[in-house]
Amino acid sequence: MARPRTFDEAQVLRAVRDQFWNKGYAATSMDDLMRATGLGKGSLYGAFGDKHQLFLRIFDSYCTNSMESMRQALEGPDAGALERLRHYMLGAATASAGPSRRGCLLARGTAELASEGATDVTARALQAFHDMEERFTDCLAKAQRHGDVAASADPRKLAAMLLAVFRGLEALGKAGMDEASLRGMVETAFDGLPVSARRRR
């Protein structure tokens, strides 16, 4: 009969997530994970599988939680949709210029493991990026229905452009770009969106 677990699984996974997030996948050893969680190798393997399976689990959870946070920030009526999206991206610009340079686990994990042929990680990352684009597209379509974006515009193409800006903010922030410059990029992107004739008046 298997012995019941005597540890808080959520707490262990948070410790593992922070270890991978701070050091990266390759630089994190099983010894690091054992020290971070206080568990032995057998307990970690028995509960979560090997190092890669453990990373994939916390990576998937991170992506899921990030998409849920984005959904909550952007959902709402057609009125105000464009401003919600602008506010969300400005918040990302501010966060990217913050004192912590560890960046987004989604970006870090994808960059590190894509070159190693980890197709399960890259597939999960691609799904997250598609989900982001869908959220942006939905927000822009709402703004279009409300008359804030030109009726002739393609919300999906605009969403793809904004997604590129959004993902670029982190890389530039990690390199040391200041907050004013990052926020200026967001403002410039939104100033360049095709607006309706009603909004121009």
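Residues numbered from 1 in each chain as written. Predicted model: local features only at pLDDT ≥ 70, side-chain atom pairs only at ≥ 80, totals over all residues. Heavy atoms only, no water.

**Student:** Before we go on, may I ask you to explain the packing of aromatic side chains in this structure?
**Tutor:** The geometry of two aromatic rings is summed up by the distance between their centres and the angle between their planes. Tallied over the full model, the rule gives seven aromatic pairs. Considering the side-chain rings of Tyr88 and Phe166, the 5.6 Å spacing of their centres and the 20 degrees angle between planes classify their relative orientation as stacked. Separated by 78 residues along the polypeptide, Tyr88 in helix H5 (residues 81-96) and Phe166 in helix H8 (residues 155-174) bring together distant segments of the chain. Residue classification places Tyr88 among the partly exposed positions, given a relative accessible area of 22%. Taken together, the ring pairs connect Phe20, Tyr25, Phe55 and Phe59 into an aromatic cluster. Across from the ring centre of Tyr25, 4.4 Å away, lies the NZ or CZ of Lys51, which sits over that ring. (Phe/Tyr/Trp six-rings, centres within 6.5 Å; stacked < 30°, edge-to-face > 60°. Helix = DSSP H or I, 4+ residues; strand = E, 2+ residues; numbered from the N terminus. Buried < 20%, exposed > 50% of the residue type's maximum accessible area, 1.4 Å probe, protein only. Lys NZ or Arg CZ within 6 Å of the ring centre and 35° of its normal.)

**Student:** Help me understand H8, please; the structure alone is not making it clear to me.
**Tutor:** Helical geometry: 3.6 residues make up each α-helical turn, so side chains three or four residues apart lie on a common side. For H8, with 20 residues, the first-to-last C-alpha span of 29 Å sits near the 28 Å given by 1.5 Å per residue. When we look at burial in H8, the residues that qualify are Pro155, Leu158, Ala159, Leu162, Leu163, Phe166, Leu169, Glu170 and Gly173. If you follow the buried residues of H8, they end up packed against helix H4 (51-74), H5, helix H6 (105-114), helix H7 (119-146) and helix H9 (179-191). Of the residues flanking the start of H8, the one acting as N-cap is Asp154, its side-chain oxygen 3.0 Å from the backbone nitrogen of Arg156. Just downstream of H8, Gly176 is the residue with a positive phi angle, here 110 degrees. (Expected span 1.5 Å × (residues − 1). Contact = heavy atoms within 4.5 Å. Polar contact = N/O pair within 3.5 Å; in protein donor to acceptor, adjacent residues only side chain to side chain.)

**Student:** Even after reading the chapter, I still don't get the nonpolar core, so can you show me in this structure?
**Tutor:** Note on soluble globular proteins: their nonpolar side chains tend to be buried together. Phe55, Leu85, Leu106 and Phe136 are the most contacted members of the largest nonpolar core, which has 54 residues in total. The leading source of residues in this core is H4, at nine residues. In this view, Leu106 contacts Phe59, Tyr62, Cys63, Ala125, Ala128, Phe129, Met132 and Arg167; residues no more than four positions away in its chain are not counted. (Core = buried A, V, L, I, M, F, W, Y, C linked by side-chain atoms within 4.5 Å.)

**Student:** Would you explain the environment of Tyr25 in this entry?
**Tutor:** Within the secondary structure layout, Tyr25 lies in the loop between helix H1 (9-23) and helix H2 (30-37). On a C-alpha basis, the gap between Tyr25 and Phe55 in space is 7.7 Å, while along the polypeptide they are 30 residues apart. Every residue in contact with Tyr25, bar those within four places of it in the chain, is listed here: Phe20, Lys51, His52, Phe55, Glu112 and Leu113.

**Student:** How should the side chain of Thr137 be read in this particular structure?
**Tutor:** Mapping Thr137 onto the fold places it in helix H7. With a relative accessible area of 11%, Thr137 lands in the buried category. With residues up to four places along the chain from it excluded, the contact list for Thr137 reads Pro155, Arg156 and Ala159.

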